[in-house]
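Here's the letter readout for the chains.
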Amino acid sequence: MGLLDGLVGGFVGGEMASVVSGLIAKHGGLSGIVQQFQQQGMGATIGSWVGTGPNMPISPDQVHQALGSDTIAQLAAKIGISPQDLSTKLAAVLPGVVDKMTPAGVVPPGQ
């Protein structure tokens, strides 16, 4: 995951890079994150992040719903913040991270 860590770290920096990289790895890569959001009814939102147009915003509650309470709680505990704060931070950074990881408007093979 070295390349992923570098890309994510360059976009979000610090602890959030570790959290986002771990989140992506937990879901089997970027394609797993995309699938998770699609299964939770947020296909248009994640599709906008992958595509080449503007990124649709996402609320902290939607992030929490898409990723699940257990995942959010585990990641929040790992870095010592509340699940609410983590959801807020992820809502702010995930659109940009997914966008940066999909510059051609598609999820690259193997991600």
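Source: prediction; values computed, not measured.

Trainee: Help me out: how do you make sense of the overall build of the protein chain in this one?
Mentor: Along the backbone of the protein chain there are 7 helices and 0 strands. Listing each helix as α and each strand as β along the protein chain from the N terminus yields α-α-α-α-α-α-α. A total of 111 residues make up the protein chain; the buried ones form 41% of that total. Looking at the protein chain alone, contacts between residues at least 24 apart form 62% of all its contacts between residues at least 6 apart. Roughly 5400 Å² of accessible area belongs to the protein chain as shown, and the carbon and sulfur atoms make up 55% of that amount.

Trainee: Explain the packing of helix α5 (residues 60–67) against helix α7 (residues 83–101) here, please?
Mentor: Each pair of packed helices can be summarised by the angle the axes make with each other and by the distance between the axes. α7 packs onto α5 with a crossing angle of 95° between their chain directions and a minimal axis gap of 8 Å. Considered as vectors, α5 and α7 are oriented roughly perpendicular to each other. Counting all contacts with α5, which are made through Pro60, Asp61, Val63, His64 and Leu67, the residues of α7 involved are Gln84, Ser87, Thr88, Leu90, Ala91 and Leu94.

Trainee: How should the packing of aromatic side chains be read in this particular structure?
Mentor: Both the distance between ring centres and the angle between the ring planes are used here to describe each pair of aromatic rings. In the structure shown here, the tally under the stated rule is 1 aromatic pair. With centroids separated by 5.5 Å and ring planes inclined at 65°, the aromatic side chains of Phe37 and Trp49 adopt a geometry described as edge-to-face. Of this pair, Phe37 sits in helix α3 (residues 30–39) while Trp49 sits in helix α4 (residues 43–50), and the two are 12 residues apart along the sequence. The residues Phe37 and Trp49 share a single accessibility class, namely buried.

Trainee: I'm lost on α7 in this one. Help?
Mentor: Helix length check: α7 (19 residues) gives 25 Å between terminal C-alpha atoms against 27 Å at 1.5 Å per residue, within 8%. Most pronounced at Val93, the bend in α7 amounts to some 35°, and the proline Pro95 follows within four residues. For α7, every residue scored as buried is listed here: Leu86, Ser87, Leu90, Ala91, Val93, Leu94, Pro95, Gly96, Val97, Val98 and Met101.

Trainee: Please clarify how the confidence of the model for the protein chain should be interpreted in this entry.
Mentor: Low-pLDDT stretches of the model should not have their predicted coordinates read in fine detail. Mean pLDDT for the protein chain: 86, with 86% of residues reaching 70 or above. Within the model, pLDDT remains below 50 along residues 1–12, and this stretch shows 21 contacts once partners closer than five positions in the same chain are excluded.

Trainee: It is not clear to me how the environment of Ala91 should be interpreted in this structure. Could you clarify?
Mentor: Inspection of the secondary structure assignment puts Ala91 in helix α7. Classification of Ala91 as buried rests on a relative accessible area of 11%. For Ala91 and Pro60, which are 31 residues apart along the polypeptide, the C-alpha to C-alpha distance reads 5.3 Å.

Rules used throughout
- Residue indices begin from 1 for each chain and proceed along its sequence in written order.
- Reporting in this predicted model follows two pLDDT cut-offs: at least 70 for local features of residues, and 80 or more for side-chain atom pairs to be given and counted; totals over whole chains, interfaces and linings ignore these cut-offs and use all residues.
- The side-chain figures draw on all heavy atoms in the structure; neither hydrogens nor water molecules are used.
- Only DSSP runs of H or I covering at least 4 residues are called helices, and only runs of E covering at least 2 are called strands; the numbering of each starts at the N terminus.
- Here's how the labels work: a residue is buried when its accessible area is under 20% of the maximum for its type, exposed when over 50%, partly exposed in between, all with a 1.4 Å probe on protein chains only.
- Residue contacts follow a heavy-atom distance rule, with two residues in contact if any of their heavy atoms lie within 4.5 Å.
- Accessible surface area values rest on a Shrake-Rupley calculation with a 1.4 Å probe, where residue burial reflects the displayed protein chains alone.
- Angles shown run from 0 to 180 degrees and are taken between the N-to-C directions of axes, each axis being a line fitted to C-alpha atoms and, for helices, limited to the stretch in contact.
- Note on angle classes: values under 35 degrees are labelled roughly parallel, values over 145 roughly antiparallel, values of 65 to 115 roughly perpendicular, and the remainder oblique.
- Here is the rule: rings of Phe, Tyr and Trp (six-membered ring for Trp) pair when centre to centre is within 6.5 Å. Planes less than 30 degrees apart are stacked, more than 60 are edge-to-face, and the remainder are tilted.
- What a helix is expected to span follows from its residue count: subtract one and scale by 1.5 Å.
- What is called the bend at a residue is the angle between a pair of axes, fitted to the seven residues leading up to and ending at it and to the seven starting from it.
- Note: pLDDT gives the predictor's confidence per residue, expressed from 0 to 100.

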